[in-house]
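Listed here are the chains, written in short residue letters.
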Amino acid sequence: MSTNIINYSVTKYIPLTIISIVNNLSPIIVCVLAFLILKEQIRAFDILMMLLTLGGIFGTIFTAEPDPDGTEQPFCPIYVLYILLLANPFLSAGGQVAMRKMSKFNDCVVSWYLQWSVMSSSAIVMLATGESFSIYAYFDW
């Protein structure tokens, strides 16, 4: 859920190409986390390809031109948005690796905790942003 909040928050102030490129770092981070946490093997060819991909991604990000008509100012400093954006693939990759470990559990148990965590984090976000819970009055059984 946090990855969705970050994606929707930064799209107004950061170019979509940069957001897309940074989010596409997730597969590389999944490989590294799987190596570190799950003790999976990585071949030399895989490491070479990951390094070449990282070089291309960072080359694209750091040589991007600023948006000329970005007249609206973000709610926080722009570097905070970039930090959140760079945290996004790590959050997504961590979820992927965690779900790999969760396969040992029954699907009902995983679903139960997943739904409660999504509901709790959604309620926290709604309270933090001052949103009303009145929409739930319109739900039908």
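Residues numbered from 1 in each chain as written. Predicted model: local features only at pLDDT ≥ 70, side-chain atom pairs only at ≥ 80, totals over all residues. Heavy atoms only, no water.

Structural notes on the nonpolar core
Val 10, Ile 14, Ile 18, Val 22, Leu 25, Leu 81 and Leu 85 are the most contacted members of the largest nonpolar core, which totals 19 residues. Of all the secondary-structure elements, those providing two or more residues to this core are helix H1 (2-10), helix H2 (16-23), helix H3 (26-37), helix H4 (44-62) and helix H5 (78-102). In terms of residues, this core owes the most to one element, H5, which gives four residues. If we skip the residues at most four places from it in the chain, Leu 85 touches Ile 6, Val 10, Ile 14, Ile 18, Ile 19, Val 22 and Asn 23. (Core = buried A, V, L, I, M, F, W, Y, C linked by side-chain atoms within 4.5 Å. Buried < 20%, exposed > 50% of the residue type's maximum accessible area, 1.4 Å probe, protein only. Helix = DSSP H or I, 4+ residues; strand = E, 2+ residues; numbered from the N terminus. Contact = heavy atoms within 4.5 Å.)

Description of the packing of H2 against H4
Relative orientation of the contacting elements H2 and H4 amounts to 160 degrees, with a least axis distance of 10 Å. Taken together, H2 and H4 sit at an angle that is classed as roughly antiparallel. For the element pair H2 and H4, the recorded crossing hand is left-handed. Contacts from Ile 18, Ile 21 and Val 22 of H2 reach H4 at Ile 57, Thr 60 and Ile 61. Looking at side-chain class alone, the contact of H2 with H4 contains five nonpolar, one polar and no charged residues. (Axes fitted to C-alpha atoms, helices over the stretch in contact; angles between N-to-C directions. Parallel < 35°, antiparallel > 145°, perpendicular 65-115°, else oblique. Left-handed = near helix turned anticlockwise from the far one by under 90°. Nonpolar A, V, L, I, M, F, W, Y, C, P; charged D, E, K, R; others polar.)

Observations concerning a nonpolar patch on the surface
Together, Phe 105, Val 109, Trp 112, Tyr 113, Trp 116 and Met 119 make up an exposed nonpolar region whose accessible area comes to about 690 Å². The topology assignment puts Phe 105 in the loop between H5 and helix H6 (107-129). (Patch = residues over 30% accessible without salt bridge, like charges linked within 9 Å, V, L, I, M, F, W, Y side chains within 5 Å. Areas by Shrake-Rupley, 256 points an atom, 1.4 Å probe, with all protein chains shown as cover. Salt bridge = Lys/Arg side-chain N within 4 Å of Asp/Glu carboxyl O.)

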